[in-house]
Amino acid sequence: MKLTGAELLHLRVPLVAPFQTSFSTQLERDLLLVRVLLDDQEGWGECVSMADPLYSPEFNAAAALVLRDFLVPALATAGDVRAGTVAHRLTPFKGHRMAKAALEMAVLDAELRTVGMPLSAYLGSVHTTVPSGVSVGIQPSISALLETVDGYLDDGYVRIKLKIKPGWDLEPVRAVRERFGNIPLQVDANTAYTLADARHLALLDEFGLLLIEQPLEDEDLTQHAELARRVATPICLDESITSAKVAADAIRLGACSVVNIKAGRVGGYLEARRVHDVCAAYGVPVWCGGMLETGLGRAANVALAALPGFTLTGDTSASGRFYRQDIVTEPLRIQDGHIAVPTGPGLGVEVDPDALAAVTVSREWLPLDT
Ligand code: SMG
Ligand code: MG
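Reading the values: rules and limits
Residues numbered from 1 in each chain as written. Chains lettered and ligands numbered in written order. Predicted model: local features only at pLDDT ≥ 70, side-chain atom pairs only at ≥ 80, totals over all residues. Heavy atoms only, no water. Pairing = 2+ DSSP bridges. Helix = DSSP H or I, 4+ residues; strand = E, 2+ residues; numbered from the N terminus. 1 Å grid on protein atoms, 1.4 Å probe; cavity = no way out; pocket = protein on both sides within 12 Å on 5 of 7 lines; lining within 4 Å. Points joined across faces, edges and corners; volume = space filled by probe spheres on them. Nonpolar A, V, L, I, M, F, W, Y, C, P; charged D, E, K, R; others polar. Contact = heavy atoms within 4.5 Å. Axes fitted to C-alpha atoms, helices over the stretch in contact; angles between N-to-C directions. Donors = N, O, S within 2.8 Å, 3.2 Å for Na, K, Ca; no water. Buried < 20%, exposed > 50% of the residue type's maximum accessible area, 1.4 Å probe, protein only. Salt bridge = Lys/Arg side-chain N within 4 Å of Asp/Glu carboxyl O. Parallel < 35°, antiparallel > 145°, perpendicular 65-115°, else oblique. Left-handed = near helix turned anticlockwise from the far one by under 90°.

Quick look at the pairing of strand 1 (residues 3–20) now. Here strand 1 pairs with strand 2 (residues 25–38) via 13 bridges, running antiparallel. Pairing of Glu-7 across the sheet is with Arg-35, part of strand 2. Relative to strand 14 (residues 360–365), strand 1 is paired through five bridges, and the arrangement is antiparallel. Along strand 14, the bridge assignment pairs Leu-11 with Thr-360.

If you want it as C-alpha cells, here you go:
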C-alpha cells in the first residue's frame, strides 16, 4: 500500500483529576496523534510522549519534528508500505521510538482495516477480556490517598499501583495495607531512588508487594541487579526497557524479574510483541503499562495485554480513569474488573469527530515528498 497522506494533530485533553508522579503533576494530557492514509484508507496512531522530556528523552514537539522531517518522508518514498516493515524502514534513524511507534500504529490500523482484521488477532492475542489495574498518583495526604483507592476498588479495579518517591513510600503503602488488607498492590518510583536507598527500599518487603517498578535510573541495569539482590520484593523495569534486546540483557543480568511493556517505549506494537516473546522464553512475567492514552492507545494496549505472556494485571484502566470525554465513540469501560478486547478491524475503535475537535489545538498535513 502507498502512503497517500499523513497528518499530525496536537491535542490538549483535560484530566478528571491531577496526576502526580515523582517527576511531574499533570492537569491535562498534551498529546500528539498521527493520522495516515494508506491508499486512502485511514489509520490512527497515538504517540505516548509527553509535553516535557521528564519520563523519557522524547517529548511531543520533538516527536512532531522527527515525524515531519524524517520518519514520514522515509515511508512516503518507500513505495509499498506495510506495518511489518515500517520499523525496518525507520531503522536508520536513531532513537525516537515513541514517534516511530505512533507511525507504525497508524499504518497497522489502516492496513488491518483494509483486510478486516482486529489488531488482537494480528498480534496473536488469546483472551477476549483483560483484567484492569489502576495507577494511583501521589496524593496530597494519606486520607486523600485512602479515599482515592477506595473509589477505584469500588469501580472494580483488581490491582492497585501506587506512585512513590522519597518521602512518600512506606507511609502510603502501610496505610493502604492497613485499610484494604491483602489486595494486589505494587509501587512505581519512576527512577526516583539511587542504590544508596537499597536499605530503605528493603523496608517495603514486609508489605508483600507484587513488585517495585523502576526504582533507579533508566540506564542503571547493573545497579538494579545489585538492588534486586538486596530487596526481596521483585524488581520490575519500565523506563529501562527500550527494546527486546535490552529486555534480554536486563533479565540475563538479574536487573529485573518482571517487565512492564509499553509499545511506545520500545518502538511499536510489533517490538512490544518481541519483548513479550523474549520474556516468555525466560519465564519472566510481563504486564502492559499505560501512558495516559486516549481510547485509541488504550484499545491497542488491551489487544497487546491479551497475549498469553501477560500474566500480571496491567495499567489497562478504563477511559474514565483519566478522561471525562474520550475521543473515541465507544470509550473503554471496566466491567467486573475487566476490559473487553475490541473485536472490530484495526484498533477496533472509531474516532468521534466532535469529541476530537473539542480538544484539538492544531492539525497539520505533512508534505510527503521532502
Ligand atoms: O495510563 O494508566 C496509565 C498511566 C500509568 O502510571 C502510569 N504510567 O511510569 O508507568 C509509568 C507511568 C508513566 C506516565 S506518568 C506521566
Ligand atoms: Mg512506570
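What follows deals with the layout of surface pockets. Within this model, the largest pocket holds a volume of roughly 470 Å³. Lining the largest pocket are 18 residues, with Thr-91, Arg-97, Ser-243, Val-266 and Glu-271 sitting closest to its centre. Elements supplying a minimum of two residues to the lining of the largest pocket: helix 2 (83–90), helix 3 (97–115), helix 9 (244–253) and helix 11 (269–282). Class assignment of the residues belonging to the lining of the largest pocket gives a composition of seven nonpolar, four polar and seven charged.

Spatially, the seven strands line up as an open sheet ordered 5-6-7-8-9-10-11, and their pairing is parallel. In the strand order of this sheet, the two ends are held by strand 5 (133–136) and strand 11 (286–288), each with one partner. Strand direction decides the pairing type here: strand 5 and strand 6 (residues 159–163), joined by four bridges, are parallel. Following the sheet pairing, Val-134 is matched in strand 6 by Ile-160. Sitting on the sheet, helix 6 (residues 170–180) touches strand 6 and strand 7 (185–188), and the angle it makes with strand 7 is about 165 degrees.

A separate point is the coordination of the magnesium ion (ligand 2). Coordination of the magnesium ion (ligand 2) by the protein is provided by Asp-188 (OD), Glu-213 (OE) and Asp-238 (OD), with metal-donor distances spanning 2.1 to 2.3 Å. Considered as a linear motif, the donors of the magnesium ion (ligand 2) on their single chain read D-x24-E-x24-D. Remark: Asp-238 occurs in the loop between strand 9 (235–237) and helix 9 and Asp-188 occurs in strand 7; sequence separation between them is 50 residues. Classification of Asp-238 by relative accessible area gives buried; the value is 0%.

Another aspect to go through is the pattern of salt bridges. What the rule picks out here adds up to 20 salt bridges. Glu-226 serves as the salt-bridge partner of Arg-230, at 3.0 Å between the closest nitrogen and oxygen. Here the residue Arg-230 and the residue Glu-226 both occupy positions in helix 8 (residues 221–230), the gap between them amounting to four residues, near one helical turn. Among the residues examined, Glu-226 registers a relative accessible area of 25% and is labelled partly exposed.

This next bit is on the packing of helix 1 (residues 60–76) against helix 3. Axis separation between helix 1 and helix 3 bottoms out at 10 Å; the angle between their running directions is 50 degrees. Classified by the angle between their axes, helix 1 and helix 3 sit oblique to one another. Considering only the axes of helix 1 and helix 3, their crossing is right-handed. Across from Ala-63, Val-66, Leu-67, Leu-71, Val-72 and Leu-75 in helix 1, the residues of helix 3 making contact are Ala-99, Lys-100, Leu-103 and Val-107. Across the contact of helix 1 with helix 3, the residue classes break down as nine nonpolar, no polar and one charged.

Let us look at empty space enclosed by the protein. Enumeration according to the criterion identifies three cavities of 30 Å³ or more in this entry. If you trace the largest cavity, you find 22 residues lining it, with Phe-19, Lys-163, Gly-290, Met-291 and Leu-292 closest to the centre. Its residues assigned to classes, the lining of the largest cavity shows seven nonpolar, six polar and nine charged. Of the pockets and cavities examined, the second largest cavity occupies roughly 80 Å³. Around the second largest cavity sit 15 residues that line it, and Val-48, Ala-263, Gly-264, Tyr-269 and Glu-293 are the ones nearest its centre. Elements with a contribution of two residues or more to the lining of the second largest cavity: helix 3, helix 10 (263–266) and helix 12 (295–305). Considered class by class, the residues forming the lining of the second largest cavity number seven nonpolar, five polar and three charged.

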